[in-house]
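Fold and contact review
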Amino acid sequence: MSSETGIGASVRRKEDKRFLTGKGRYLDDINRPGQAYGVFLRSPHAFAKIKSIDTTEAGKAPGVVAIYTGADLAADGIGGLICGWAITSKDGEPHKAPAHPAIAVDTVRHVGDQVAFVIADSLAQAKDAAELIEVDYEELTPVVSGADALASGAPQVHDDVPGNLCYDWELGDPAAVDAAFAAAAHVTKMDIYNNRLVPNAMEPRAAIGDFDSGTDEIVLYTTSQNPHVARLVLSAFVGIAPEHKLRVVAPDVGGGFGSKIFIYAEETVCAWAARKIDRPVKWTAERSESFLSDAHGRDHHTTAELAMDANGKFLGLRVNTIANMGAYLSTFATSVPSYLYATLLAGQYTTPAIYANVKAVFTNTAPVDAYRGAGRPEATYVVERMVERAARDLGISPVELRKRNFIAPDAYPYETPVIMTYDSGNYPLNMDTALKLIDYDGYAARKAESESQGKKRGIGFSSFIEACGIAPSAAVGSLGAGVGLWESAQVRFNPTGGVTVFTGSHSHGQGHETTFAQLITEHLGVPIENVEISHGDTGKVPFGMGTYGSRSLAVGGSAIMRAVDKIVEKGKKVAAHLMEASVEDIEHAKGVFKVAGTDKQVTMAEVAFAAYVPHNYPPDLEPGMDETAFYDPTNFTFPAGTHIAEVEIDPETGVVEVVDWAASDDFGNVINPMIVEGQIHGGVAQGVGQALLENAVYDSETGQLLTGSYMDYTMPRADDFPSLKVETTNTPCPGNPLGVKGCGEAGAIAAPAALMNAITDALGVEIDMPATREKVWRAAQAVQQAAE
Amino acid sequence: MPNVSMTVNGKAVSAEVEPRTLLVQFLREKLSLTGTHVGCDTSQCGACVVHINGKSVKACTTLALQNEGAEVTTIEGLAQNGELHPMQAAFKEHHGLQCGFCTPGMVMSAIDLVKTHPNPDEKTIREGLEGNICRCTGYQNIVKAVKTAADNMGG
């Protein structure tokens, strides 16, 4: 049984039936009796003082229940939104955390900033009424680029943040790096822009606040990746309700990619307003609102320098980055360009000295926070573009240059100069595997063939590393996290042998209902159809930290394993009693308890039944079979791999065709290969999207978002890709009981550098992301003209 | 308010609607058929694709009133007697869905694609699904699923 449905099997997903038959229950599919509908009036300006708001006419419109502004929230003592990760600048000062009201009070700081909340009996009535609100704005000059915001005389986004500088942070040893550069035979230098992205989960964010005046409980239905974190923040910091009177439900969530980690203004206001009007309030974002108000990703301006000896051995890396935070700090914004970024600048290499300086700045744009990879894609992009540029500068093959600098497979645990201790890996093996997959030996012939047809062919590499799990708590706490980053699990046997697993992780596409069930099937012998996974409701599951940072299996799955251990321990006592043996003589394997050296045995189902029907039960044994565990790992996990992109460019049109893609990734042990492969496909697609298509552009003068819909922000579609060749190598992770590393973000981390390196290889010149057809065409034409 | 009547998943339905009501709103709000999703506001994403008189249509591009007398099939109407439609079954078999939000529209589009191209190659499938955005799968397993379903549907 377990060979087909246990660990290592590509079990078809248990959750699929409801999604395939239209029975998924996403937020907007939920309606509460008597609910009203909320609409946010949003700022049309990037930066303006609010001189007055007149809601008189709007208040008289048909169906209007209430209209609230920032003043109403403040009058109720509702606090602003918080950032939960403290960063200390190099001068010892804490990062600047300006006020972030859920509805703007006297100033709007980005297009889409909340100005008022209109509640009406119907959505159409709320929309109509919102148009009747008169706001008198005094427009100010905005600043949208991170680099511009640091210039002297730049507009000040917040009065209490001089020079728009949130923090000026550093990591590494500047003196060691200076020495490395002094001794270098060659230095490669690049300016690199990592373009701003809009996450664009296909389900727009939404929320319903539902207040029960009989119990004083608020139930908040929201599109969250971490409902308990939302409850904690809304209770302890925002003051919506005490934790025991606030239940947060995140039902089926249609994708997250980081954007649904954060605690947003809209859900805060819905939860608060439901009590004010004693009626459920529902808000669902339109896609244009998502573009304006979801936390964006990336947006780094970086200058990097790599020092090498005459043989191309890396001696030192110096990185200066300006990270655009947007107008306000989103929930974990500060951690992304600091500890999730600079700590990965060693990449897969033995670079002995690294120094990074990061200036995080405020601008009049939507807040920027974690998006699939969160800091780690930015790090890999810097390192891998630099390495490939260095290879070109030195005239060494990019494969050879990487191999000269890879950390050796026997060097683990390996301490980098940027505070990480890599636990395991085999980087040369990933490179060799990917080279085989792409048929590197045949590349020269393919290139010649392309050239004979007037096309330019290029190949590009990306040997990425990431730190996943976003745990242990002691480590992240020492780096400034305001929360612990463990995970919880509860394994509950029913009397008839079925199991419900309650997990603090949250699935929004990752397939936990299947992967987690496989763990129970493998270890407790329960048929997979008898295992149910429950998540996403603070009223049901133990306090959990949620899903992000490719952590769910490594941390949440390990918590399940801890609970399984407790079930086995308890089961042994029950089995000993049933078989009249001593506990020490009971052996357990896959749901069967045996008396050692005999043929006596009982099954897990019999043990569970006995635990709930404890007739003739020993007095010192508790009834029931229901165990809870919390798991806090000992280290991050370090998935790594090599991706190779092959492109063909038509210099006459600028069209980049991705003709082939090879990915060799080390995720440690794999529970469900089908799901892991799917994660790679999706991650690479987002990375390819970043490199070729996607770009969030704000007009530099007006601060208007120019790419505010799917008409302007180019989403990757089915005909933008070839089928990828994916393999995994499996160096078990020593840091958790499952030996797993996390696979959700890898593709998005690896892909941009691989693709841009391939495009550079084809064109012979470097361009920034996204490599749009126009940009590629101009570059190709310039090269051609220069040659003529 | 005007009245509209149509057949949805084989059942006659009739309701009063505001004239501005889109078909997708009619399906979701009046009929509680919430399997048809709304993923954008510019008719780009395809999460709301249904079949109208046998052809795939984005249900956000047509008013409910325009569909007087029409035969509409939604994702809820595909499975028969508890048996998944071959396209649904192929999506499950090939892991052609992750978060599931784009899936109903993707499945409805894919069925129409296979009707038009009974034996589609990879390029035809990729180009044929260009009107549906999926953010999770990278499309690779969707392509596999559609190919398998086409084979099983007798292409």
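Residues numbered from 1 in each chain as written. Chains lettered and ligands numbered in written order. Predicted model: local features only at pLDDT ≥ 70, side-chain atom pairs only at ≥ 80, totals over all residues. Heavy atoms only, no water.

1. Let's talk about the UniProt feature "domain: Aldehyde oxidase/xanthine dehydrogenase a/b hammerhead" (unreviewed entry) in chain A
Under the UniProt annotation, the feature "domain: Aldehyde oxidase/xanthine dehydrogenase a/b hammerhead" (unreviewed entry) is placed at residues 21-141 of chain A. Within residues 21-141 of chain A, the helical portion is 16% and the strand portion 29%, while the C-alpha atoms at the span's ends are 51 Å from each other. (UniProt positions renumbered as here; feature names shortened; annotations may be inferred. Helix = DSSP H or I, 4+ residues; strand = E, 2+ residues; numbered from the N terminus.)

2. Structural notes on the sheet that holds strand β4 (residues 55-58) of chain B
Residues and elements named next belong to chain B. Judged by pairing direction, the sheet is mixed, and its five strands sit side by side in the order β2-β1-β5-β3-β4 without closing on themselves. Edge positions in the sheet fall to β2 (11-16) and β4, since each has one partner strand and no second. Averaged over all pairs of adjacent strands, the angle between their axes in this sheet comes to 40°, without regard to strand direction. Taken together, the four bridges between strand β3 (residues 49-52) and β4 define a ladder with antiparallel strand orientation. The partner of H51 across the bridge, within β4, is S56. (Pairing = 2+ DSSP bridges. Axes fitted to C-alpha atoms, helices over the stretch in contact; angles between N-to-C directions.)

3. Structural notes on the sheet that holds strand β28 (residues 725-729) of chain A
Residue and element names in this part refer to chain A. Across the sheet, four strands lie side by side as β18-β26-β27-β28; this open sheet has mixed pairing. Of all the strands in the sheet, just β18 (456-465) and β28 have a single pairing partner and so form its edges. The mean inter-strand angle of the sheet, taken between neighbouring strand axes irrespective of direction, is 15°. Taken together, the 11 bridges between strand β26 (residues 640-650) and strand β27 (residues 655-666) define a ladder with antiparallel strand orientation. Its bridge partner lying in β27, E646 is registered against D660. Here helix α13 (residues 427-438) sits on the sheet and contacts β18, β26, β27 and β28; the angle it forms with β27, its principal contact strand, is near 140°. (Contact = heavy atoms within 4.5 Å.)

4. Let's talk about the pairing of strand β19 (residues 487-493) of chain A
Residue and element names in this part refer to chain A. Counting buried residues along β19, six of its seven residues qualify, which places the element largely inside the surrounding structure. Sheet topology places β19 next to strand β25 (residues 626-631); six bridges connect them, and they run antiparallel. Counterpart to A489 in the pairing with β25 is A629. In this sheet, strand β20 (residues 499-503) lies alongside β19 in antiparallel orientation, the contact comprising five bridges. Across the sheet, F493 pairs through a bridge with V499, a residue of β20. In this antiparallel pair of consecutive strands, β19 and β20, the connection spans five residues, and G497 shows a positive phi of 100°. (Buried < 20%, exposed > 50% of the residue type's maximum accessible area, 1.4 Å probe, protein only.)

5. Focus: the pattern of salt bridges
Under the defined criterion, the tally for this structure stands at 49 salt bridges over all chains. Among the ionic pairs, E646(A) bridges to R457(A), the shortest N-O distance being 2.7 Å. Highlighted residues: E646(A) in strand β26 and R457(A) in strand β18, separated in sequence by 189 residues. Judged on exposure class, the residue E646(A) and its partner R457(A) are both buried. Of the charged contacts, one joins E127(B) and K123(B) as a salt bridge, the two residues approaching to 3.1 Å between their closest N and O atoms. (Salt bridge = Lys/Arg side-chain N within 4 Å of Asp/Glu carboxyl O.)

6. Considering the domain arrangement of chain A
All names here are of chain A. The domain boundaries assigned to chain A delineate domain 1 (2-22 + 486-631), domain 2 (31-140 + 202-255 + 260-293) and domain 3 (300-470 + 635-787). A C-alpha centroid distance of 39 Å is found between domain 1 and domain 3. Contact residues are listed per partner, giving 25 residues for domain 1 and 23 residues for domain 3. Note on domain 1 versus domain 3: buried area summed over both sides is about 1,700 Å², and carbon and sulfur give 63% of it. In this assembly, domain 1 and domain 3 are joined by zero salt bridges. Linking domain 1 with domain 3 are 11 residue pairs in polar contact (both at pLDDT 80 or more), by the criterion used here. Breaking the side of domain 1 that touches domain 3 down by element, the ones donating at least two residues are α16 (512-524) and α17 (552-578). Among the elements that take part in the side of domain 1 that touches domain 3, α17 stands out by supplying six residues, more than any other. Split by residue class, the side of domain 1 that touches domain 3 holds nine nonpolar, 13 polar and three charged. (Domains from an automatic or database assignment. Buried area = accessible area lost by both parts, 1.4 Å probe. Polar contact = N/O pair within 3.5 Å; in protein donor to acceptor, adjacent residues only side chain to side chain. Nonpolar A, V, L, I, M, F, W, Y, C, P; charged D, E, K, R; others polar.)

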